Amino acid sequence: MSTTVLAPAPARLHRGILLAVALTALNLRTAVTGFSVLTGEAGDALHFGPVVAGAIGTIVTACFAVAAFAAPPLARRLGLERTAALAVTATTAGILLRAAAWSPTVMIVATVIAFAGVGACNVILIPIVKQHFPQRLHAVSTMYMVLLQVGQLAAPLLALPLASAYGWRTAAGGWAVVTAAAAVLWFVTMPRPGARAEAAPPAPVSVSWRTPLVLGLIGLMAMTTLHVYTLVTWFPAMLADAGLSPTASALLLSWFAGLGLIAAFVVPPLTTRLANPFPIVVVCVALMGVGYAGMLAAPAAGAFVWATAFGLGVSTFPLCLTLIGARAANSQSASRLSGLVQGVGYGIGCAGPLALGAIHQATGGWNLTYALLAATLLVTLVAGRAACRPVAPAAG
């Protein structure tokens, strides 16, 4: 007697996809912030120093840049859910390999595998949400951004207690449990043979990078990436060198990351209400400048204030993502503009953690690093002015 396996009902399917999106979003940054507070222990165990640690931070954003260009054509070939399943599986494998790494080379290879997957998810989750939840786009998008920030905040808080109780390898590999669950959900929800084919992302459309708008968005994304991932990679080390304990450094990194929750709720609606949101850029640049000046003058005494300034100052990230959607004429040009801005922006910004780690190793301190980062804020101002200026929508 033969049996027929029925396809899951749409409501059940969408619940599974929603949970997969939630678990994936939660882990888009945990492998970054959760590992940065463990870098010292991992370096002692595997005998690597600031240059390798900086290279790991650079690999993260380099993978994001490559994925911004590679993920859309892969999704058109394989489908959105299949691409997500493979990406999250790669992330899980990379996290586990990094936890088991027996040499700096293996650590770097594991980081590439993990963040190639995370980078693909950065790009793929947006069209998945648009395809499956068109009537709840704002709510699901907000959930996605909030969970990203929650994971970014929670990871360093959980990493140190886990490392203290079970060792840094367990702390580094623990998030693989959640990513593995997400991967299973993606494989379960992907279309079966004979099922209705999923809608593929739209084919690429032409968006000229030579326009002031696109150049401004690229510059804004690049500078934001430079500051965010330099701080995520090195802020605990900066604070430790100033005399703070590892626990205090981890708490301040979590505070820095957690302030992104405020930005996720406040900056996008404010950006859409303002005809020219350049004042947001000015405020962010001022906050970042205060943070770097404070780290030069009194890094330990004012550490909480400087962490707060940095956490609010990098609100140019949700600003940039909001501007991509607001300045695009339609969904196709938004997709192309997003890939271009993120690909080039992350590509430029990825030099920060490695270069500044090398400068720290060469000089034996952080003062030159703070000065150089403060100088790049001028680029942020110029780029932000071009990106925020009201213009006709970027057409496909």
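The rules behind these values
The numbering scheme is per chain: residues are counted from 1 as the chain's sequence reads. Totals for whole chains, interfaces and linings use all residues, but because this is a predicted model, local features are given only for residues with pLDDT of at least 70 and pairs of side-chain atoms are given and counted only at 80 or more. The side-chain values count all of the structure's non-hydrogen atoms but skip hydrogen atoms and water molecules. Strands here are runs of E lasting at least two residues and helices are runs of H or I lasting at least four, both read from the DSSP assignment and numbered beginning at the N terminus. For every residue, the accessible area obtained with a 1.4 Å probe (protein chains only) is divided by the maximum for its type, and the residue is called buried under 20%, exposed over 50%, and partly exposed between those limits. Contact between two residues is taken to exist if any of their heavy atoms lie within 4.5 Å; hydrogens are not considered. Using the Shrake-Rupley algorithm and a 1.4 Å probe, accessible areas are obtained, with residue cover drawn only from the displayed protein chains. The disulfide definition used here is simple: a pair of cysteine sulfur atoms within 2.5 Å. Pairing of aromatic side chains here covers Phe, Tyr and the six-membered ring of Trp, requires ring centres within 6.5 Å, and sorts the geometry by plane angle: under 30 degrees stacked, over 60 edge-to-face, intermediate tilted. In this analysis an axis means a line fitted to C-alpha atoms, helices contributing only their contacting stretch, and an angle means the value between N-to-C directions, from 0 to 180 degrees. With respect to orientation, any angle under 35 degrees is reported as roughly parallel, any angle over 145 as roughly antiparallel, any angle of 65 to 115 as roughly perpendicular, and every other angle as oblique. We call a crossing left-handed when the near helix sits turned anticlockwise from the far one by less than a right angle, and right-handed when that turn is clockwise. Polar here means any residue outside two lists: the nonpolar Ala, Val, Leu, Ile, Met, Phe, Trp, Tyr, Cys and Pro, and the charged Asp, Glu, Lys and Arg; Gly therefore counts as polar. What we call a nonpolar core is a set of buried Ala, Val, Leu, Ile, Met, Phe, Trp, Tyr and Cys residues that are connected through their side-chain atoms within 4.5 Å. In the analysis that follows, any N or O atom pair within 3.5 Å is treated as a polar contact, provided that within protein one partner can donate a hydrogen and the other can accept it, and provided that, for residues neighboring in sequence, both atoms belong to side chains. Like-charged residues within 9 Å of one another, or nonpolar side chains (Val, Leu, Ile, Met, Phe, Trp, Tyr) within 5 Å, are grouped into patches, provided each residue has over 30% relative accessible area and no salt bridge. For this document, the term salt bridge refers to a Lys or Arg side-chain nitrogen within 4 Å of an Asp or Glu carboxyl oxygen. Per-residue confidence from the predictor is reported as pLDDT, which spans 0 to 100.

Novice: What's the story with the overall build of the chain in this structure? I'm lost.
Specialist: Counting secondary structure elements, the chain contains 18 helices and zero strands. Taken across its 396 residues, the chain has 53% of its residues classed as buried. Partitioning the intrachain contacts of the chain with sequence separation of at least 6 by distance along the chain shows that 85% fall at a separation of at least 24. In the form shown here, the chain has an accessible surface area of approximately 16400 Å², with 71% of it arising from carbon and sulfur atoms.

Novice: Sorry if this is basic, but what is going on with the state of the cysteines here?
Specialist: In a disulfide, the sulfur atoms of two cysteines are held together by a covalent bond. Counted under the stated rule, the structure contains zero disulfides. Lacking any disulfide linkage, Cys 388 is separated from the closest cysteine sulfur, that of Cys 320, by 8.9 Å. Residue classification places Cys 388 among the buried positions, given a relative accessible area of 0%.

Novice: What am I meant to see in helix α14 (residues 303-313) here?
Specialist: An α-helix turns once every 3.6 residues. As a result, residues three or four positions apart point the same way. Across the eleven residues of α14, eight count as buried, placing the element largely inside the fold. Every buried residue belonging to α14 is among Ala 303, Trp 306, Ala 307, Thr 308, Ala 309, Phe 310, Gly 311 and Gly 313, and all of these are buried.

Novice: Explain the packing of aromatic side chains to me, please; I cannot follow it from the model alone.
Specialist: A ring pair, where both rings are aromatic, is described by two values, the distance of the centres and the angle of the planes. Within the structure shown, the criterion is met by eight aromatic pairs. Between Trp 255 and Phe 304, the ring centres sit 5.3 Å apart and the planes meet at 25 degrees, which makes this aromatic pair stacked. Of this pair, Trp 255 sits in helix α11 (residues 246-258) while Phe 304 sits in helix α14, and the two are 49 residues apart along the sequence. A relative accessible area of 34% means that Trp 255 is categorised as partly exposed.

Novice: In this structure, what is going on with the packing of α11 against α14? I would like to understand it.
Specialist: Two quantities define a packed helix pair, namely the angle between the axes and the distance from one axis to the other. Running from amino to carboxyl end, α11 crosses α14 at an angle of 30 degrees, the nearest separation of the two axes being 8 Å. Here α11 lies roughly parallel to α14, going by the angle between them. Of the two possible hands of crossing, α11 and α14 adopt the one that is right-handed. Each of Leu 252, Trp 255 and Phe 256 in α11 lies in contact with α14, whose residues at this interface are Ala 303, Phe 304, Ala 307, Thr 308, Phe 310 and Gly 311. Residue composition of the contact of α11 with α14, by class: seven nonpolar, two polar and no charged.

Novice: What exactly am I supposed to notice about the nonpolar core here?
Specialist: Generally speaking, a soluble globular protein has its nonpolar side chains buried in company with each other. Residues Leu 38, Phe 115, Trp 186, Leu 217 and Phe 310 are the most contacted members of the largest nonpolar core, which totals 115 residues. Sequence-distant contacts of Phe 115, that is, excluding residues within four places in its chain, are made with Ala 31, Val 32, Val 60, Cys 63, Phe 64 and Arg 98.

Novice: Explain the side chain of Thr 189 to me, please; I cannot follow it from the model alone.
Specialist: Assignment of secondary structure puts Thr 189 in helix α9 (residues 176-189). We classify Thr 189 as buried; its relative accessible area is 8%. Here the side chain of Thr 189 touches Trp 186 through a polar contact of 3.3 Å, landing on its backbone oxygen.

Novice: Just to check I follow, could you spell out a nonpolar patch on the surface for this structure?
Specialist: A cluster of nonpolar side chains, contributed by Leu 157, Leu 158, Leu 162, Tyr 166 and Leu 251, occupies part of the molecular surface with about 470 Å² of accessible area. Ranked by residues supplied to the nonpolar patch, first place goes to helix α7 (residues 137-166) with four residues. By the element assignment, Leu 158 lies in helix α7. For Leu 158, a relative accessible area of 45% translates into the label partly exposed.

Novice: Would you explain the packing of helix α4 (residues 50-78) against helix α6 (residues 104-132) in this entry?
Specialist: Look at α4 against α6: their axes get within 7 Å of each other, and the N-to-C directions meet at 40 degrees. Overall, the two elements α4 and α6 adopt an arrangement that is oblique. When you trace α4 past α6, the crossing you get is right-handed. A breakdown of the residues in the contact of α4 with α6 according to their chemical character gives 21 nonpolar, three polar and no charged.

Novice: Explanation requested: the environment of Gly 294 in the structure shown.
Specialist: Positionally, Gly 294 belongs in helix α13 (residues 278-297). Sequence spacing of Gly 294 and Ala 309 is 15 residues, and the spatial spacing of their C-alpha atoms is 9.6 Å. Apart from residues no more than four positions distant in its own chain, Gly 294 is found in contact with Pro 299 and Trp 306.

Novice: How should the confidence of the model for the chain be read in this particular structure?
Specialist: Detail in the predicted coordinates should be disregarded across regions flagged by low pLDDT. Considering every residue of the chain, the mean pLDDT works out to 82; 87% of them sit at 70 or more. Per-element confidence in the chain is highest for α13, whose mean pLDDT is 96, and lowest for helix α16 (residues 331-349), whose mean pLDDT is 75. Overall, residues 1-9 carries pLDDT values under 50, and its contacts beyond four positions in sequence, including any with other chains, amount to one contact. This model gives residues 195-206 a pLDDT under 50, and the stretch forms 25 contacts once residues within four places in sequence are excluded.

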